[in-house]
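Single-letter residue listing:
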Amino acid sequence: MNKLAGHFKQLTWLMGFLLTVFVAGCGSGSEGGGSTQPAVLGVALTDAPACGFDAVNVTVSKVRVHQSDSASENAAGWTDITLNPARKINLLNLNDPTQPNFALESLGETPLAAGHYTQLRLVLVQNGNNNLPFANSVVLSAQPNIEIALDTPSAVQSGIKLIHQFNVGSGQRVDLLLDFDACKSIVTHKNGTYKLKPVIKVIPYELNGIEGFVDTALLNSHVVVSAQVNGEIVRATVPNANPTPDPNRGKFFLARLTAGVNYDVVITADGHATAVIAGVPVPSSTSTTIVSTNSTPFGLEPSATGIINGTVTLNPATDDEAVFVTAKQTLVSGPTVTVKSLAATLLTTTTLIGDFEYALTLLPTAAPSLAPYSATLPITPTAVGQSTVAGIYTVQASATGYVTQSAPNISTGATQNFNLIP
């Protein structure tokens, strides 16, 4: 574990890793009788907070690109970046964009002909290959000294298929950023096994975002900061936890957000009430909006906590989908925000298929604090007028291919079950 590892323990928030694809012009060549300049394809890696893991490891052997979205793994026409040897990467070592180089890890580059591309594949090494029994694995926060193999189905071993169209013109540079949501990509089984079911989307590459500081006293309480729109988490991060005298200690940077959108910044920590800064603008693809400084960092009020738990049944039943359960709050004269989200656990102690259980723990029972964004700092969220929503949540269950269900006005200590249908 690196020096930040202790800070990542028992995080119960979304985690993703970002695969940065650079296409930069260089050299010269010809295609279709005309003179063209081939590009260069390069790859780097980063991520955001995990949910209950000390480590999420993947071993990358290759990145592939093709002009046909239907090309099979053995088709002609692939352009590859090959890592030799394959590289095992703990994604949690890369989740703080306030670190040098914004926590990107380069995976290499290769020449790429100009043209129209529609498919990318990220190829992982299979567990047990090349003397790597734990090529892909997780380490639980509750069992920090035990590495558990992460099952990678055959479809993943042949390359995680990504359909996304982009053009590479002669001598041009094209930047793509792929968000691999590792938390949503891990299906947890009650028998202690874990399966990789990749969830990946393309996000803006330009470096913009929302910057601020939290009180360093919160850093031992698993503080998480997220940018949300209509209660959906767009980006989440943890503050810089480098030891003093690092001036960035307590700093957070919600990087690479869609420009022209207003975001709700949500701050949570174990044993503390939630704080929300509503309507934070990110005007352009290169702008950074500052919401607090190290001299006036955000603090959170202490709070007792509670739990909401239950089961989720998929009908028709399947054990191959990941199920997610979220606790949301709608603030008075404010937005709806996600306070906690987790992947439900697949039950394997019964013969039933499609049954999951969840436990949303450490939910604050104190009233959340709210403040509208202001360019004049400091911004000071307060709990004034929020007493009616204290400890009250809307619980939501979802799975790919099934209709999301919501149960409003659920108090901590309650049990809420769901039955999801297509």
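These numbers come from a predicted model, not from an experiment.

### Observations regarding the overall build of the protein chain
Step number 1: Scanning the protein chain from terminus to terminus reveals two helices and 31 strands.
Step number 2: Each of the 422 residues in the protein chain was classed as buried or not, and the buried ones make up 53%.
Step number 3: Within the protein chain, residue pairs in contact and separated by at least 24 positions form 71% of the contacts whose partners lie at least 6 positions apart.
Step number 4: In the structure as shown, the protein chain presents an accessible area of about 17000 Å², 50% of it carried by carbon and sulfur atoms.

### Concerning unusual backbone geometry
Step number 1: Of note, the amide linkage connecting asparagine 84 to proline 85 takes the cis form, showing an omega dihedral of 5 degrees.
Step number 2: You can see proline 85 is positioned in strand β6 (residues 79–90).
Step number 3: For the peptide bond that leads from leucine 377 to proline 378, omega is 5 degrees, which places it in the cis range.
Step number 4: Mapped onto the secondary structure, proline 378 falls in the loop between β28 (369–372) and β29 (392–399).
Step number 5: Although it is not a glycine, asparagine 409 adopts a positive phi angle of roughly 55 degrees.
Step number 6: Inspection of the secondary structure puts asparagine 409 in strand β30 (residues 405–411).

### A word on the pairing of strand β25 (residues 336–343)
Step number 1: Within β25, seven of the eight residues are buried, leaving the element largely enclosed by the surrounding structure.
Step number 2: Here strand β24 (residues 323–330) runs beside β25; their pairing, made up of seven bridges, is antiparallel. Across the sheet, residue phenylalanine 324 finds its bridge partner in β25, namely alanine 343.
Step number 3: The hairpin formed by β24 and β25 contains five residues between the paired strands, and serine 333 there has a positive phi angle of roughly 55 degrees.

### A closer look at the sheet that holds strand β21 (residues 275–282)
Step number 1: In spatial order, the strands read β18-β17-β20-β21-β28; together these five strands make up an open sheet with mixed pairing. Each edge of the open sheet carries a strand with a single partner, namely β18 (232–237) and β28. Strand-to-strand, the axes of this sheet are offset by a mean angle of 30 degrees, without reference to chain direction.
Step number 2: Relative to β18, strand β17 (residues 224–229) runs antiparallel, the two sharing five bridges.

### Regarding the sheet that holds β29
Step number 1: Across the sheet, four strands lie side by side as β25-β24-β29-β30; this open sheet has antiparallel pairing. Every other strand in the sheet has two partners, leaving β25 and β30 as the edge strands with one partner each. Recorded for the sheet is a direction-independent mean angle of 25 degrees between the axes of neighbouring strands.

### A closer look at the packing of aromatic side chains
Step number 1: A full pass over the atoms with the stated rule returns two aromatic pairs.
Step number 2: The interplanar angle of 15 degrees and the centroid separation of 5.6 Å between the aromatic rings of tyrosine 117 and phenylalanine 166 together place this pair among those described as stacked. Here the residue tyrosine 117 occupies a position in strand β8 (residues 115–124), and phenylalanine 166 occupies one in strand β11 (residues 160–168), the gap between them amounting to 49 residues. There is no split in this pair, since tyrosine 117 and phenylalanine 166 are both buried.
Step number 3: Between tyrosine 358 and phenylalanine 418 the ring centres are 6.4 Å apart and the planes differ by 45 degrees, which places this aromatic pair in the tilted class. Remark: phenylalanine 418 occurs in strand β31 (residues 418–420) and tyrosine 358 occurs in strand β27 (residues 355–364); sequence separation between them is 60 residues.
Step number 4: Given a relative accessible area of 4%, tyrosine 358 falls into the buried group.

### Thoughts on the pairing of β17
Step number 1: Burial of β17 is extensive: five of the six residues sit out of reach of the surface.
Step number 2: From the end of β17 to the start of β18, which pair antiparallel, there are two residues, and asparagine 230 there has a positive phi angle of about 55 degrees.

### Re the side chain of threonine 59
Step number 1: Its place among the elements puts threonine 59 in strand β5 (residues 53–66).
Step number 2: The class for threonine 59 is buried, based on a relative accessible area of 0%.
Step number 3: For threonine 59, the side chain forms a polar contact with the main-chain oxygen of alanine 135, separated by 2.5 Å.
Step number 4: The contact partners of threonine 59, leaving out residues within four places of it in the chain, are Ala86, Arg87, Lys88, Val123, Leu124, Val125, Leu132, Ala135 and Asn136.

### Let's talk about the pattern of salt bridges
Step number 1: Taken as a whole and judged by the stated rule, the model has five salt bridges.
Step number 2: Between lysine 62 and aspartate 80 there is a salt bridge, with the nearest N and O atoms lying 3.9 Å from each other. Here the residue lysine 62 occupies a position in strand β5, and aspartate 80 occupies one in strand β6, the gap between them amounting to 18 residues.
Step number 3: Judged by its relative accessible area of 25%, lysine 62 falls in the partly exposed class.
Step number 4: Where glutamate 232 meets lysine 328, a salt bridge forms, and the shortest distance between an N and an O atom there is 2.7 Å.

### Remarks on the environment of serine 141
Step number 1: In this structure, serine 141 sits in the loop between β9 (137–140) and β10 (147–151).
Step number 2: A residue is classified by how much of its surface remains accessible, and serine 141, at 10% relative accessible area, is buried.
Step number 3: Residues serine 141 and aspartate 54 lie 87 residues apart in sequence; the distance between their C-alpha atoms is 4.9 Å.

### Things to note about the side chain of asparagine 57
Step number 1: Mapping asparagine 57 onto the fold places it in strand β5.
Step number 2: Here asparagine 57 falls in the buried class, since its relative accessible area comes to 7%.
Step number 3: Dropping the residues within four chain positions of it, asparagine 57 is found in contact with Lys88, Ile89, Asn90, Ala135, Asn136, Ser137 and Glu147.

### Digging into the confidence of the model for the protein chain
Step number 1: When pLDDT is averaged along the protein chain, the result is 83, and 79% of the positions lie at 70 or above.
Step number 2: Of the regions scoring below 50 in pLDDT, residues 1–18 engages in 96 contacts with residues more than four places distant in sequence or in other chains.

### Some thoughts on the environment of tyrosine 263
Step number 1: Mapped onto the secondary structure, tyrosine 263 falls in strand β20 (residues 261–268).
Step number 2: In this structure tyrosine 263 comes out as buried when scored by relative accessible area, which is 1%.
Step number 3: When the C-alpha positions of tyrosine 263 and glutamine 228 are compared, they lie 5.5 Å apart, and in sequence the two are 35 residues distant.
Step number 4: Setting aside its immediate chain neighbours within four residues, tyrosine 263 contacts Ile210, Ala227, Gln228, Val229, Val234, Leu257, Thr258, Ile277, Ala278, Gly279, Val280 and Val282.
Step number 5: Here the side chain of tyrosine 263 touches threonine 258 through a polar contact of 2.7 Å, landing on its backbone oxygen.

What counts, and where the lines are drawn
- Residues numbered from 1 in each chain as written.
- Predicted model: local features only at pLDDT ≥ 70, side-chain atom pairs only at ≥ 80, totals over all residues.
- Heavy atoms only, no water.
- Helix = DSSP H or I, 4+ residues; strand = E, 2+ residues; numbered from the N terminus.
- Buried < 20%, exposed > 50% of the residue type's maximum accessible area, 1.4 Å probe, protein only.
- Contact = heavy atoms within 4.5 Å.
- Areas by Shrake-Rupley, 256 points an atom, 1.4 Å probe, with all protein chains shown as cover.
- Pairing = 2+ DSSP bridges.
- Axes fitted to C-alpha atoms, helices over the stretch in contact; angles between N-to-C directions.
- Phe/Tyr/Trp six-rings, centres within 6.5 Å; stacked < 30°, edge-to-face > 60°.
- Polar contact = N/O pair within 3.5 Å; in protein donor to acceptor, adjacent residues only side chain to side chain.
- Salt bridge = Lys/Arg side-chain N within 4 Å of Asp/Glu carboxyl O.
- pLDDT = per-residue confidence, 0-100.

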